[in-house]
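Now for the letters of each chain:
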Amino acid sequence: MNRIIVQGGKRLHGQIRVQGAKNEVLKVIAASIFFDEKIQITNVPEIADIFHLLEIIEDLGGQWVHKKEHVYAVETKNLKKTNLSKSLTSKLRAAIVLLGPLLARFGKASLPHPGGCAIGRRPIDIFIKGLQAMGTRVRYANETYYFQTAQLRSVKFVFPIISVTATETLLLAACLTPGQTVLINAAQEPEISALAAWLNSCGAKIKGAGTSKIIIEGVKKLKAKDVEIIPDRIEAGSFVILAAATQSYLKITHCQPEHLSVFLEILKEMGLPMKIGQNWIEVFPAGRLRAHHIVTHEYPGLATDLQPPMTVLLTQCQGQSLVRETIYEGRLFYVDMLNRMAANILMCDPSRILVTGPTPLRAKPLESPDLRAGIAMVIAALVARGTSEIANAYQIERGYENIINRLKKIGAHVKAG
Ligand code: EPZ
């Protein structure tokens, strides 16, 4: 799908089911490299990023089967290659996490600079520093990073910046490394806790996942266990914002509200009427919403992935909201498109914008620069009166399964162009 055509300006109504967390599945697929036996993964979202990583596993010599919707089996006992292809790796930042299990199993791996969303420089210096600390030699030639180790060694590693995928890569590298590896200033995302819980069920010895200090006792071998993926908190948050911005009633099901505590607290302070259950969130037409300053922060703070959709909502709120993006230096450039839709957003500097609302939005030609700005453009187009076209819509499919049909089911006038 290369473009989405949206006829906006109308309220939506209905129920929407949240899919499995993209940012957990990708790391579970990477961890499948540990096992000789097949693993079955359930609650997998049917999205492009998953297919891209499975293509990489297949290119390395692994096999995978799409057993049924949302259920995959992955087997890597015949894996023989350890060099990741440039064409496949350039599509997916998460491919870098393969370094951990590849080095643990084979002692070598190579890859080009990984791709991913154009939201900043996306350096990999922390991965290199951490793997070097674990006894890996790293060299760079022909636009490729080569990693080699005779034996990974346990280490106490302090992350200079909190990095989700760097935390996961070192955690995976440590699972089969003799001794005790300690990760300080580790990322605390729920997807890391879920990954660690599953690995512990396979015989790993990981303590403290979900906190800033993770301790991994290396074990000799892991035994494959099937795994069910947790709900995608970013998808759930995106749909809450969709309901609030379009003055709609939505019930968002199969989600985990406790993974969205800060986000939901901010929405309550803005005056959004909600009912919150164990695994669902009901949003009611909001009427007037109050402006609110927001600052993105590593988990459990407000997720940077919800910043673009939140900014769209803030254009519909009464008053001025300062938005500070603290994780990625390139994650605010989509606001030009919102201003073209008659939003009133001042870019104070590359990491801060001032949103003044409410401003009715006008339909315009738009594009999706990255996955989360893409869903933000869909929400903005659904708020705006008139028909908008969003180009680069494949970016949205990378993280939001079957988005056209799911929006149609709640009354949105959308179609693929
Ligand atoms: C993960 O990205 C997620 N991706 C991102 O989701 C998410 O936005 C991000 O964490 C923050 O929550 C996956 O899990 C696949 P980082 P990741 O390494 O791990 C700096 C989405 O939309 N940094 O935590 O790649 C980096 O520049 C995606 O689903 C270094 O300086 O992000 C950034 O400022 C987008 N050196 C900060 O850390 C490094 O070696 C956080 O990046 C690594 C990172």
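Further up the page is the structure itself.
Cut-offs used in this document
- Residues numbered from 1 in each chain as written.
- Predicted model: local features only at pLDDT ≥ 70, side-chain atom pairs only at ≥ 80, totals over all residues.
- Heavy atoms only, no water.
- 1 Å grid on protein atoms, 1.4 Å probe; cavity = no way out; pocket = protein on both sides within 12 Å on 5 of 7 lines; lining within 4 Å.
- Points joined across faces, edges and corners; volume = space filled by probe spheres on them.
- Helix = DSSP H or I, 4+ residues; strand = E, 2+ residues; numbered from the N terminus.
- Nonpolar A, V, L, I, M, F, W, Y, C, P; charged D, E, K, R; others polar.
- Contact = heavy atoms within 4.5 Å.
- Near = heavy atom within 4 Å.
- Polar contact = N/O pair within 3.5 Å; in protein donor to acceptor, adjacent residues only side chain to side chain.
- Areas by Shrake-Rupley, 256 points an atom, 1.4 Å probe, with all protein chains shown as cover.
- Salt bridge = Lys/Arg side-chain N within 4 Å of Asp/Glu carboxyl O.
- Buried < 20%, exposed > 50% of the residue type's maximum accessible area, 1.4 Å probe, protein only.

Visitor: Looking at this structure, how should I read the layout of surface pockets?
Guide: One water molecule sets the probe size; rolling that probe over the atoms shows where empty space is left. For the largest pocket, the calculated volume is near 980 Å³. What lines the largest pocket is a set of 43 residues, and nearest its centre among them are Arg122, Val164, Thr165, Ile327 and Tyr328. Within the residue set of the lining of the largest pocket, elements represented by two or more residues are helix H1 (22–31), helix H5 (125–133), helix H6 (164–174), helix H8 (233–245) and helix H12 (371–383). Taken together, the residues that form the lining of the largest pocket break down as 17 nonpolar, 9 polar and 17 charged. Space inside the second largest pocket adds up to approximately 280 Å³. Lining of the second largest pocket is provided by 15 residues; of these, Gly9, Gln316, Val383, Ala384 and Arg385 occupy positions nearest its centre.

Visitor: In this structure, what is going on with the environment of Gln7? I would like to understand it.
Guide: With respect to the secondary-structure elements, Gln7 resides in strand E1 (residues 3–8). Placed 377 residues apart in sequence, Gln7 and Ala384 show a C-alpha to C-alpha distance of 8.1 Å. When sequence neighbours within four positions are dropped, the list of residues in contact with Gln7 reads Gly386, Thr387 and His413.

Visitor: Can you walk me through the site of the ligand in this structure?
Guide: With respect to spatial proximity, 25 residues lie near the ligand, and among them Lys27, Asp125, Thr165, Asp305 and Ile327 are the closest. Lys27 places a polar side-chain atom, nitrogen or oxygen, 2.6 Å from an oxygen atom of the ligand. A distance of 2.8 Å separates an oxygen atom of the ligand from a polar atom in the side chain of Arg93. When isolated, the ligand has an accessible area of 820 Å², and the protein chains bury 92% of it.

Visitor: Looking at this structure, I do not really get the pattern of salt bridges. What am I missing?
Guide: Once their charged atoms are close, side chains differing in charge can pair, the charge on each being opposite to the other. On inspection of all chains with the given rule, the structure shows 14 salt bridges. Among the ionic pairs, Lys86 bridges to Glu143, the shortest N-O distance being 3.8 Å. Here the residue Lys86 occupies a position in helix H3 (residues 86–89), and Glu143 occupies one in the loop between strand E7 (137–141) and strand E8 (144–148), the gap between them amounting to 57 residues. Among the ionic pairs, Arg233 bridges to Glu191, the shortest N-O distance being 2.8 Å. Taken together, the residues span a long stretch of sequence, with Arg233 in helix H8 and Glu191 in helix H7 (residues 190–201) at a distance of 42 residues. Residue Arg233 is classed as buried on the basis of its relative accessible area of 10%. In this structure, a network of salt bridges that share partners links the residues Lys22, Asp49 and Arg398.

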